[in-house]
Amino acid sequence: MEENLIVEALKFMVLGMGVVFSFLIILIFVLKGQAALVSKYFPAKEKEPAKKPQQPVASSSAKVAAIVAAVQHHKNLKG
């Protein structure tokens, strides 16, 4: 009797996994078809490159001063 239950359980397992697998395969094809239809009837619009706002360029001496201050602060934290 137990062998019969194990065989029946394996049948249900295979049946369930087969149903899930077939559903996922069908879902993949449906989504690919939907993507093809959407791209056919609603093509993507080309975006224009966004203009970046002009930011003032810091002088190199200001950059050097900021780097030196950061290094000194880091050294002071280490002790």
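This write-up is about the structure you can find in this document. Here the structure is a predicted model, which is why all the values come from computation and not from measurement.

Rules used in this analysis
- Residues numbered from 1 in each chain as written.
- Predicted model: local features only at pLDDT ≥ 70, side-chain atom pairs only at ≥ 80, totals over all residues.
- Heavy atoms only, no water.
- Helix = DSSP H or I, 4+ residues; strand = E, 2+ residues; numbered from the N terminus.
- Rg over C-alpha atoms; globule rule 2.2 N^0.38 Å.
- Buried < 20%, exposed > 50% of the residue type's maximum accessible area, 1.4 Å probe, protein only.
- Areas by Shrake-Rupley, 256 points an atom, 1.4 Å probe, with all protein chains shown as cover.
- Lys, Arg positive; Asp, Glu negative; His and termini not counted.
- Charge placed at Lys NZ, Arg CZ, Asp CG, Glu CD.
- Patch = residues over 30% accessible without salt bridge, like charges linked within 9 Å, V, L, I, M, F, W, Y side chains within 5 Å.
- Salt bridge = Lys/Arg side-chain N within 4 Å of Asp/Glu carboxyl O.

## Notes on the overall build of the chain
Scanning the chain from terminus to terminus reveals two helices and zero strands. For 79 residues, the compact-globule formula gives about 12 Å, and the C-alpha radius of gyration of the chain, at 32 Å, lies well above that figure. Within the chain, the fraction of its 79 residues that count as buried is 0%. For the chain, the accessible surface area stands at approximately 8300 Å², while carbon and sulfur atoms represent 69% of it. Side-chain charges in the chain split into 10 positive and 5 negative, and the spacing between the mean points of these groups amounts to 30 Å.

## A look at the environment of P43
With respect to the helices, strands and loops of the structure, P43 is situated in the loop between α1 (2–41) and α2 (60–78). For P43 and A69, which are 26 residues apart along the polypeptide, the C-alpha to C-alpha distance reads 53 Å.

## So, the environment of P49
Checked against the element boundaries, P49 lands in the loop between α1 and α2. Along the backbone, P49 and V38 are 11 residues apart, and their C-alpha atoms lie at a distance of 24 Å.

## Looking at a nonpolar patch on the surface
Together, I6, L10, M13, V14 and M17 give the surface a local cluster of nonpolar side chains, amounting to about 500 Å² of exposed area. As for its position among the elements, L10 is in helix α1. Classification of L10 as partly exposed rests on a relative accessible area of 44%.

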